[in-house]
Amino acid sequence: MSHATNTQTFADEVKAIPGGEHLELCYSCGTCVSKCMIQQKLEPDYNPRRLLRMVMMDMRQEAFTSPTTWMCSECDLCYSACPQEIHISQVIAAVKQLAVEAGYQSPLTPVEVNEDLCSGCGICVMVCPYEAPSLFEKEVNGEMDRLSQVDTNKCMGCGICVAACPLGAISREGVSNQEITDQLPIQSTQPPKLVTFICDWSLRESADIDILESYPADLVKVIHIPCTGRIDPQHAMMALDSGAEAVLVCGCKSGECHFKRGNYVATCKMNLLDTMLSQFNFPNKHIRFVQIGTQERGRIRHEIDAMLAEIGVLEVTQ
Amino acid sequence: MTVKSKPKLAFYWAASCGGCEISVIELGMHLVDVSEAADIVFWPAAMDFKYNDVRAMAENEIDYCFFNGAIRNSENEEIAHLLREKSKNLVAFGSCSYLGGIPGLANMYDIESLCQRIYETSPSLDDSRGTRPQTTTTMPEGEIKIPELYDHVKLLAEVVDVDYFMPGCPPVVDQIWKVFQAVLDGNLPPKGAVIGADTKTVCDVCPREKGTPGFRIKEFKRPHEVDLDPNKCFLTQGVICAGPVTRAGCGIPCLKGNMPCRGCYGPAEGIVDQGTKLASVIGALIDTDNPEELQNILDTIVDPAGTFYRFGLAHSIMSKMKYD
């Protein structure tokens, strides 16, 4: 379907898509930009205010190639801040829809399905916050097999499906099961005391990264994940099994997940793990999930130190 | 031309319910085929053999020993060692032997509280003396000895080397027959393999309608609490199904009976820890931004450890670490 007619401007086309209709309410104050984590952390050229301007000024090609069109993950931190109450992510989604229809493709690295491993269980379909995966039928060795496929323009690379996929059939470069387990101190003669899985979005500024890097490798091993929705309780147990004494999972505060629901998913998974370990009367259960808010710069040090104190390798100074 | 000697087979049960034995018996007429093509040299549940018959055998005299049941006491372990010594191939037969099975759920509790329950506080008990079994009891006629109960349930592979693992509670008849045929034809995969099962998960062969995008569980129900739609994925009906993480090969009798997969075929290929992986699946299906509501939803899961690790608790990382 096409929204384009000769008389329609780019802005008309965007407004015709549900969610795009609030476009013209924008008076370019830029509050959205100041709230946006992408602009601060990933891509200085990311700018919702400017994208909305581009649409209104009929700058079609510029809008379709703008990183803003593709990188918005609908976290909606800007929505609550916008004085005009524009649901900006929906306007951006409308632009993205037109870009996809015009043949543009997402520059992000999407997840991929290994069909040899896929069971067609449909778990990825259910858990994805962006409706990127779907099931389809395909003939394999003369029989119809149900498999998963991914709409690469919808995938934001959060890794929630990767953690939920039972067989590691769905994966993305950098967050595959193999790449996570390779970072665990399996067979290490001197395992770190603490393994920290950290969602990079929960680190608020470069100073937080410096804090993480200030710990010696034999004390704290940091494993970066795109979102705590990627955490697999299996990996937490494997970290303990390989000799670490504690596991800390750091994610974003409730309502601040970059990928809409990753931190809720992580809360559920870590909660279930905690319950099972308690039922099991597991000795020295040092597994914790913490959620760091956008305003809590530097909290990561307190959380790591608290964990190290709990296992007795750091004296509590406070 | 040399006459090929018949392979020698042995069957044994350790800490098990007897279901694995029944499943072998259910081979029916195929059992006659097996007994014609092979010599059964030890099978306490079905034939009259004694431990001393095994002790008298030469090393590696048995070609294939199918060992069902977990290792719960010193007798189980002693016979595991004996059969290992006398067998060329030792097969952990059934979920108890391979994964700990239902007996492995006991690893959640310490042995003292288990014994207290069984011998002192169980409502069906009528014995105020608090009698506990002792390994040695002196009677007028002499000393009586019984095996020592271990503090936790061990897998067969924890006490001896195991060549093959065959899952199932019990292994289904079709798969047993396939494995026996492979044994008789000398056609088994390399050692260490899981036999008599597939590699992918139960979902791969489950014909039920799968979940749609954005499906979320708001309340978990137990199978008896719901009028279950026989055509829909159990998870989409709020009922926990271990199918996503469980190895296929059973022929899905439970699903056909409109009951969810309980996980008896153990973790599918590539899954390290069945229970935590299932938690990783189930956790991702819950959705709410309200922490209180989230806790309420999670509270509707009755006994997470026992449900997610129903047959594999003794095989779990947590059990391994606790009892290492």
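Residues numbered from 1 in each chain as written. Chains lettered and ligands numbered in written order. Predicted model: local features only at pLDDT ≥ 70, side-chain atom pairs only at ≥ 80, totals over all residues. Heavy atoms only, no water.

Engineer: Break down the sheet that holds strand β7 (residues 246-252) of chain A for me, with residues and values.
Structural biologist: Residue and element names in this part refer to chain A. Taken in spatial order, the four strands line up as β6-β5-β7-β8 in an open sheet, and their pairing is parallel. Each edge of the sheet is formed by a strand with only one pairing partner; in this case those strands are β6 (220-225) and β8 (287-292). Neighbour-to-neighbour, the strand axes of the sheet open up by a mean angle of 20°, direction not taken into account. Those strands touched by helix α13 (residues 233-241) are β5 (194-199), β7 and β8, and its axis lies near 145° from that of β7. (Pairing = 2+ DSSP bridges. Helix = DSSP H or I, 4+ residues; strand = E, 2+ residues; numbered from the N terminus. Axes fitted to C-alpha atoms, helices over the stretch in contact; angles between N-to-C directions. Contact = heavy atoms within 4.5 Å.)

Engineer: Describe the interface of chain A and chain B, and please don't skip the residues or the numbers.
Structural biologist: Taken together, the 48 residues of chain A in the interface contact 56 residues of chain B. Contact between chain A and chain B buries roughly 4,100 Å² in total, counting both sides, with carbon and sulfur atoms accounting for 65%. Per-residue buried area on chain A facing chain B is highest for A:M126, A:M276 and A:F280; these three make up 19% of the total on that side. Our count for the contact surface shared by chain A and chain B stands at two salt bridges. One salt bridge connects B:K277 with A:D232, and the closest N-O pair in it is separated by 2.9 Å. Counting every contact that joins chain A to chain B gives 19 residue pairs in polar contact (both at pLDDT 80 or more). For the side of chain A that touches chain B, the secondary-structure elements that each account for two or more residues are α9 (123-127), β3 (143-150), α10 (160-164), α13 and α14 (262-279) of chain A. Per element, the largest residue contribution to the side of chain A that touches chain B is twelve residues, and it comes from α14(A). Of the residues contributing to the side of chain A that touches chain B, the split by class is 30 nonpolar, nine polar and nine charged. (Buried area = accessible area lost by both parts, 1.4 Å probe. Salt bridge = Lys/Arg side-chain N within 4 Å of Asp/Glu carboxyl O. Polar contact = N/O pair within 3.5 Å; in protein donor to acceptor, adjacent residues only side chain to side chain. Nonpolar A, V, L, I, M, F, W, Y, C, P; charged D, E, K, R; others polar.)

Engineer: Describe unusual backbone geometry, and please don't skip the residues or the numbers.
Structural biologist: Cis geometry marks the peptide bond from B:C169 to B:P170, where omega comes out at -10°. Examined against the element boundaries, B:P170 turns out to sit in the loop between β9 (164-166) and α8 (173-184). Phi angles above zero are rare outside glycine, and A:N281 is one such case at about 55°. Following the sequence through the fold, A:N281 ends up in the loop between α14 and β8. The phi dihedral of B:N60 falls on the positive side, at around 60°, and the residue is not glycine. Classification of B:N60 by relative accessible area gives partly exposed; the value is 34%. (Buried < 20%, exposed > 50% of the residue type's maximum accessible area, 1.4 Å probe, protein only.)

Engineer: For the nonpolar core, give the residues involved together with the corresponding values.
Structural biologist: Of all hydrophobic cores here, the largest spans 134 residues; its most connected members are A:V14, A:F197, A:M237, B:I282, B:F308 and B:M318. The greatest single-element share of this core, amounting to eight residues, is contributed by α14(A). Not counting the four nearest positions on each side in its chain, A:V14 is found in contact with A:G20, A:E21, A:L23, A:V55, A:V91, A:A94, A:V95 and A:L98. Within the second largest apolar cluster, 26 residues are counted, among which are B:L9, B:V24, B:V34 and B:F180. (Core = buried A, V, L, I, M, F, W, Y, C linked by side-chain atoms within 4.5 Å.)

Engineer: I'd like a description of a nonpolar patch on the surface, backed by residues and values.
Structural biologist: Where nonpolar side chains cluster on the molecular surface, the patch consists of B:M139, B:I144 and B:I146 and spans about 250 Å² of accessible area. Here B:I144 shows up in strand β7 (residues 142-145). (Patch = residues over 30% accessible without salt bridge, like charges linked within 9 Å, V, L, I, M, F, W, Y side chains within 5 Å. Areas by Shrake-Rupley, 256 points an atom, 1.4 Å probe, with all protein chains shown as cover.)

Engineer: Go over the packing of aromatic side chains with me, naming the residues and quoting the values.
Structural biologist: This structure, assessed with the given rule, holds 13 aromatic pairs over all chains. Through a chain of ring-to-ring contacts, three or more aromatic side chains come together here, namely B:F11, B:W43, B:F66, B:F93 and B:F180. The ring of B:Y150 has B:K154 sitting right over it, with the charged end atom 4.5 Å from the ring centre. Across from the ring centre of A:F280, 4.9 Å away, lies the NZ or CZ of B:K322, which sits over that ring. (Phe/Tyr/Trp six-rings, centres within 6.5 Å; stacked < 30°, edge-to-face > 60°. Lys NZ or Arg CZ within 6 Å of the ring centre and 35° of its normal.)

Engineer: Break down the environment of B:A157 for me, citing the residues and quoting the values.
Structural biologist: Residue and element names in this part refer to chain B. With respect to the helices and strands, A157 occurs in helix α7 (residues 156-159). A157 sits in the partly exposed class, given a relative accessible area of 39%. In sequence terms A157 and C20 are 137 residues apart; their C-alpha atoms lie 18 Å from each other. If near-sequence neighbours (up to four positions away) are discounted, A157 is found in contact with V162 and F165.

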